[in-house]
2 protein chains.
Amino acid sequence: MPVVGVIGGGQLARMMIPPAVALGVEVRVLAEAADSSARLAATVVGDYRDTETVLAFARGCDAITFDHEHVPQEVLRALVDTGAAVRPGPDALLYAQDKLAMRARLAELGVPMPDWARVSSAAELGAFLDDHGGRAVVKTPRGGYDGKGVRVVDQSSAADDWLASGPVLAEELVPFRRELAQLVARRPSGEVRPWPVVETVQQNGVCAEVFAPAPHTTEAVERAAAEIATTVAHGLDVTGVLAVELFETTNGRVLVNELAMRPHNSGHFSIEGSVTSQFEQHVRAVLDWPLGETELRAPATVMINVFGALPADQIVASLAHQPSVKVHAYGKGPRAGRKAGHVTALGEDLDETVYRARAAAAHFEFEE
Amino acid sequence: MPVVGVIGGGQLARMMIPPAVALGVEVRVLAEAADSSARLAATVVGDYRDTETVLAFARGCDAITFDHEHVPQEVLRALVDTGAAVRPGPDALLYAQDKLAMRARLAELGVPMPDWARVSSAAELGAFLDDHGGRAVVKTPRGGYDGKGVRVVDQSSAADDWLASGPVLAEELVPFRRELAQLVARRPSGEVRPWPVVETVQQNGVCAEVFAPAPHTTEAVERAAAEIATTVAHGLDVTGVLAVELFETTNGRVLVNELAMRPHNSGHFSIEGSVTSQFEQHVRAVLDWPLGETELRAPATVMINVFGALPADQIVASLAHQPSVKVHAYGKGPRAGRKAGHVTALGEDLDETVYRARAAAAHFEFEE
């Protein structure tokens, strides 16, 4: 039986378990803690920054992949040196770990992006602000996620704290109509399959809702999004699922915002909404198996995140009220603001489907 | 987190794992062997006929359910005596364990069936044959499955070997147009939800293919099938999924052939083919949670069983050839004739969908 080792025990590892069970693939998880979200498949609890732990975990796995992008390069390279199939590999993951490296590489590939600069001082930030109407987005190159490590600034001194630790990324504040996400999967032997582009709605820098397909999308935008993601997947040698977060600008351009080299929140809709889910596709891709059809299963699919907790009594109330909506709980302890689960509704009509998904999600309330 | 304990580690227990993961429910399995199909969730390996083993396994579970119907009544009743929520309970399971008890109870409920008789001797069998054109089906009351324990006879002495151990069930050989299966789920507080009736195609007494919905079905037959299953679920106090195997006769009647009180091969189509799969519904029902919508997701769903084995290279070939077909491998060692997995295709048109499902299944060949 083929064995896929997943480093990291979060909900992304958890959601790889069902398609692996179906395909007859064994998933093994290296989890941070005994009560991880993916504990059902956790064969090792240990530190993913420790080379010996990771090498020992990887023995007997046909492919190694990830729940997150935080495994240090030296650990990844030690793993490759043992002959392990690391997917995506360290060269690709670098661009998911370091936003400055990512921008530089995407520029080489000619991928459309916001204006950006590597900024090493307040003076350089001031110059960037002067060139861009006095406002910009500043990002730490490493460690940011879900709105952390990101700041909108209008003063050259506004990133001094971050600049004390090294250069930062400054980006043009793009006047966007909405945010899109383009998911694609690529296998080592080269096959690439995109999903239809989706619309993502962020609240406080965190993904709140996803509509699949992105409603009222022009063919030009659909084509641009798929081409960008395919170019990035090949150009960065990504294997597995790649999520490209995009801005659709008010003047109809499609620009790359962020990359994730793993299943991504913007693709959770695909569990029910696509013939092949991002989790099934990721398992297939990292094993270098043929990729599945990514057609949508319904005219409208709506995914809504749930934060904090999903206690059983609230799950029961939600299921009772909305028998057609699918509830996903990540098996995590309660914590304010943390992604604890999501709900997904499929339907013929977007408005009606949004209504059902929100009605199901409204049963989940969390107070610390 | 709610905990469902499943007695038996076969593919039915295995296929409960994915929906339980999604719902945030913990599944624990009492498996017969360390390499069981459901080993990922097996917390105990032991003998389901041993009361102490079963009682120890059940501690801490919110509900106990089953992968098969073979747990002895005395073990089931000991479990109930501890206060465990056994679903379905021993009174219901008796009718799935003993075909004579089942026929007698269905007769009390007025459910349409083939003519039948409890037969204790060759003379009694001879009398039944005389009344039914000289041919009949004889079944052992207990232990039969997948065509085992079933014999078509035309001589009064043809069941002498079985009669030496006790009475058998004689049934009229029904002139049927085709076989149907009606799945329904019922929760302890009474809610019942049927799925649309499906057509099952048997080969050598074993389910080979399932078409959902049953094509070219009259409303009268649909209604009769759903009413029969609902009557049986309430009348026998079944909790969880109930599968009723039916004959549609050449003169348009619907008659009960067999019952199964658990997810059933005829419902595997529902993993992709229904808004709520039989495995998700079973988990919800045994926890007495609200049942999900059972509407079909496509005009045609086709499920085909794979026997013997699903080696990885054949899975890869099947996925490459049919990217829209879903392959399910049960993680069992190879054995001739054993159900090793299945494939499912969804489509707009039955003929086209049957073609794709059979093309995917054709990649699986097994020689001992």
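Residues numbered from 1 in each chain as written. Chains lettered and ligands numbered in written order. Predicted model: local features only at pLDDT ≥ 70, side-chain atom pairs only at ≥ 80, totals over all residues. Heavy atoms only, no water.

1. Quick notes on the overall build of chain A
Looking only at helices and strands, one finds 12 helices and 17 strands in chain A. Relative to the compact-globule value of 21 Å for 368 residues, chain A shows a C-alpha radius of gyration of 20 Å, a close match. Viewed in the frame of its principal axes, chain A has a C-alpha envelope of about 55 × 50 × 45 Å. The burial tally for chain A puts 59% of its 368 residues in the buried class. Excluding contacts between residues fewer than 6 apart, the proportion of contacts in chain A whose partners are at least 24 apart in sequence is 63%. (Helix = DSSP H or I, 4+ residues; strand = E, 2+ residues; numbered from the N terminus. Rg over C-alpha atoms; globule rule 2.2 N^0.38 Å. Buried < 20%, exposed > 50% of the residue type's maximum accessible area, 1.4 Å probe, protein only. Contact = heavy atoms within 4.5 Å.)

2. Comments concerning the sheet that holds strand 1 (residues 3-7) of chain A
All names here are of chain A. In spatial order, the strands read 3-2-1-4; together these 4 strands make up an open sheet with parallel pairing. Where the open sheet ends on each side, the last strands, each with one partner, are strand 3 (42-45) and strand 4 (63-66). Within the sheet, the average angular offset between the axes of one strand and its neighbour, ignoring direction, is 25 degrees. (Pairing = 2+ DSSP bridges. Axes fitted to C-alpha atoms, helices over the stretch in contact; angles between N-to-C directions.)

3. Some details on the packing of aromatic side chains
Here the structure, examined in full by the defined rule, presents 2 aromatic pairs over all chains. For the ring pair F176(B) and F247(B), a centre distance of 4.7 Å and an interplane angle of 20 degrees mean the geometry is stacked. Of the two residues, F176(B) is situated in strand 9 (residues 176-186) and F247(B) in strand 13 (residues 240-249); the sequence distance between them amounts to 71 residues. A relative accessible area of 37% means that F176(B) is categorised as partly exposed. The ring of Y48(A) has R49(A) sitting right over it, with the charged end atom 5.9 Å from the ring centre. (Phe/Tyr/Trp six-rings, centres within 6.5 Å; stacked < 30°, edge-to-face > 60°. Lys NZ or Arg CZ within 6 Å of the ring centre and 35° of its normal.)

4. Describing the interface of chain B and chain A
Contact residues are listed per partner, giving 37 residues for chain B and 37 residues for chain A. Between the two partners, chain B and chain A, sit 2 salt bridges. The salt bridge involving K326(A) is made with E280(B); its shortest N-O contact spans 3.0 Å. At the junction of chain B and chain A, the tally comes to 12 residue pairs in polar contact (both at pLDDT 80 or more). Looking at the side of chain B that touches chain A, the elements with two or more residues in it are helix 1 (11-23), helix 10 (278-286), helix 11 (312-321) and strand 16 (326-329) of chain B. Looking at which element gives the most residues to the side of chain B that touches chain A, the answer is helix 1 of chain B, with 6 residues. (Salt bridge = Lys/Arg side-chain N within 4 Å of Asp/Glu carboxyl O. Polar contact = N/O pair within 3.5 Å; in protein donor to acceptor, adjacent residues only side chain to side chain.)

5. Here we look at the sheet that holds strand 7 (residues 150-153) of chain B
All names here are of chain B. Judged by pairing direction, the sheet is antiparallel, and its 4 strands sit side by side in the order 5-8-6-7 without closing on themselves. Each edge of the open sheet carries a strand with a single partner, namely strand 5 (116-119) and strand 7. The average angle at which neighbouring strand axes cross in this sheet is 25 degrees, direction not considered. When strand 5 meets strand 8 (residues 168-171), the two strands line up antiparallel, connected through 4 bridges. Note that in strand 8 the partner of R118 across the bridge is L169. Each of strand 5, strand 6 (136-139), strand 7 and strand 8 touches helix 6 (residues 122-131); the most contacted strand, strand 5, lies at about 165 degrees to it.

6. Description of the nonpolar core
Residues I7(B), L242(B), V256(B) and M261(B) are the most contacted members of the largest nonpolar core, which totals 44 residues. Considering each element in turn, this core owes the most residues, 6 residues, to helix 8 (residues 219-235) of chain B. Once you skip the residues sitting within four places of it in the chain, V256(B) turns out to touch R103(B), L106(B), V111(B), P112(B), M113(B), P114(B), I228(B), V244(B), E245(B) and L246(B). Y48(A), A96(A), V111(A) and A214(A) belong to the second largest nonpolar core, which has 43 residues in total. (Core = buried A, V, L, I, M, F, W, Y, C linked by side-chain atoms within 4.5 Å.)

7. Quick look at empty space enclosed by the protein
Considering all chains together, one arrives at 1 cavity of 30 Å³ or more under this definition. Empty space within the largest cavity amounts to approximately 820 Å³. Forming the boundary of the largest cavity are 43 residues, of which P18(A), I271(A), E272(A), P18(B) and I271(B) lie nearest the centre. Within the residue set of the lining of the largest cavity, elements represented by two or more residues are helix 1 (11-23), helix 9 (270-273), helix 10 (278-286) and strand 16 (326-329) of chain A together with helix 1, helix 9 (270-273), helix 10 and strand 16 of chain B. Each residue belonging to the lining of the largest cavity can be placed in one class, and the counts come to 24 nonpolar, 9 polar and 10 charged. (1 Å grid on protein atoms, 1.4 Å probe; cavity = no way out; pocket = protein on both sides within 12 Å on 5 of 7 lines; lining within 4 Å. Points joined across faces, edges and corners; volume = space filled by probe spheres on them. Nonpolar A, V, L, I, M, F, W, Y, C, P; charged D, E, K, R; others polar.)

8. Comments concerning the relation of the copies chain B and chain A
Taken as rigid bodies, chain B and chain A are interconverted by a rotation of 180 degrees and an axial shift of 0.0 Å, the fit giving an RMSD of 0.0 Å. In symmetry terms, the pair is related by a two-fold rotation axis. Across chain B, the rotation axis passes nearest the C-alpha of P18(B), at a separation of 2.2 Å. Taken together, the interface assignments show that 100% of the residues at the interface of chain B recur at the interface of chain A, consistent with an identical surface on both copies. (Least-squares fit on C-alpha atoms with pLDDT ≥ 70 in both.)

9. Topic: helix 5 (residues 99-109) of chain B
Residues and elements named next belong to chain B. Considered for burial, the residues of helix 5 that qualify are K99, L100, M102, R103 and L106. Down the axis of helix 5, the buried side of the element spans an arc of 160 degrees, and every buried residue falls inside it. Tucked inside the fold, the buried residues of helix 5 contact helix 4 (90-97), strand 5, strand 6, strand 8, helix 8 and strand 14 (254-260). Capping the start of helix 5, D98 holds a side-chain oxygen 2.9 Å from the backbone nitrogen of L100, two or three residues further along. Just beyond helix 5, the residue with positive phi is G110, at close to 75 degrees. (Arc of directions from axis to C-beta.)

10. Quick look at the pattern of salt bridges
On inspection of all chains with the given rule, the structure shows 46 salt bridges over all chains. Notably, a salt bridge pairs K139(A) with E171(A), separated by 3.0 Å at the nearest N-O pair. Taken together, the positions of K139(A) in strand 6 (residues 136-139) and E171(A) in strand 8 (residues 168-172) put the pair 32 residues apart, joining distant regions of the chain. The residue D98(B) makes a salt bridge to R142(B) at a minimum N-O spacing of 3.7 Å. With D98(B) in the loop between helix 4 and helix 5 and R142(B) in the loop between strand 6 and strand 7, this pair connects stretches of sequence that are 44 residues apart. The buried category is assigned to D98(B), whose relative accessible area is 16%. Linked by salt bridges that have partners in common, K99(A), R103(A), K139(A), E171(A) and E258(A) make up one network.

11. Observations concerning the environment of A33(A)
Residue and element names in this part refer to chain A. Along the chain, A33 turns up in the loop between strand 2 (26-31) and strand 3. Here A33 falls in the partly exposed class, since its relative accessible area comes to 30%. Along the primary structure A33 and A336 are separated by 303 residues, whereas in three dimensions their C-alpha atoms are 19 Å apart.

12. A short note on the environment of V254(A)
All names here are of chain A. Here V254 shows up in strand 14 (residues 254-260). Here V254 falls in the buried class, since its relative accessible area comes to 6%. Considering only alpha carbons, one finds V254 and T301, 47 residues apart in sequence, at a separation of 22 Å. Sequence-distant contacts of V254, that is, excluding residues within four places in its chain, are made with P112, V221, A224, A225, I228, L246 and F247.

13. Examining the environment of E171(B)
Residue and element names in this part refer to chain B. By relative accessible area, E171 is classed as buried at 2%. Along the sequence, E171 and R135 sit 36 residues apart, while their C-alpha atoms lie 9.3 Å from each other. Among residues more than four places away in sequence, those in contact with E171 are R103, D115, W116, F128, A136, V137, K139 and N257.

14. A look at the UniProt feature "binding site: ATP" (unreviewed entry) in chain A
Residue and element names in this part refer to chain A. Per the UniProt record, "binding site: ATP" (unreviewed entry) is annotated on K99, K139, E171, E172, L173, V174, E179, N257 and E258. On the accessibility criterion, E172 (23% relative accessible area) is partly exposed. Apart from the residues within four sequence positions on either side, E172 is in contact with P114, D115, F128, H132 and V137. At 2.7 Å, the side chain of E172 forms a polar contact with the backbone nitrogen of D115. In this fold, E179 is placed in strand 9 (residues 176-186). The contact partners of E179, leaving out residues within four places of it in the chain, are V198, E199, T200, Q202, L246, F247 and N257. (UniProt positions renumbered as here; feature names shortened; annotations may be inferred.)

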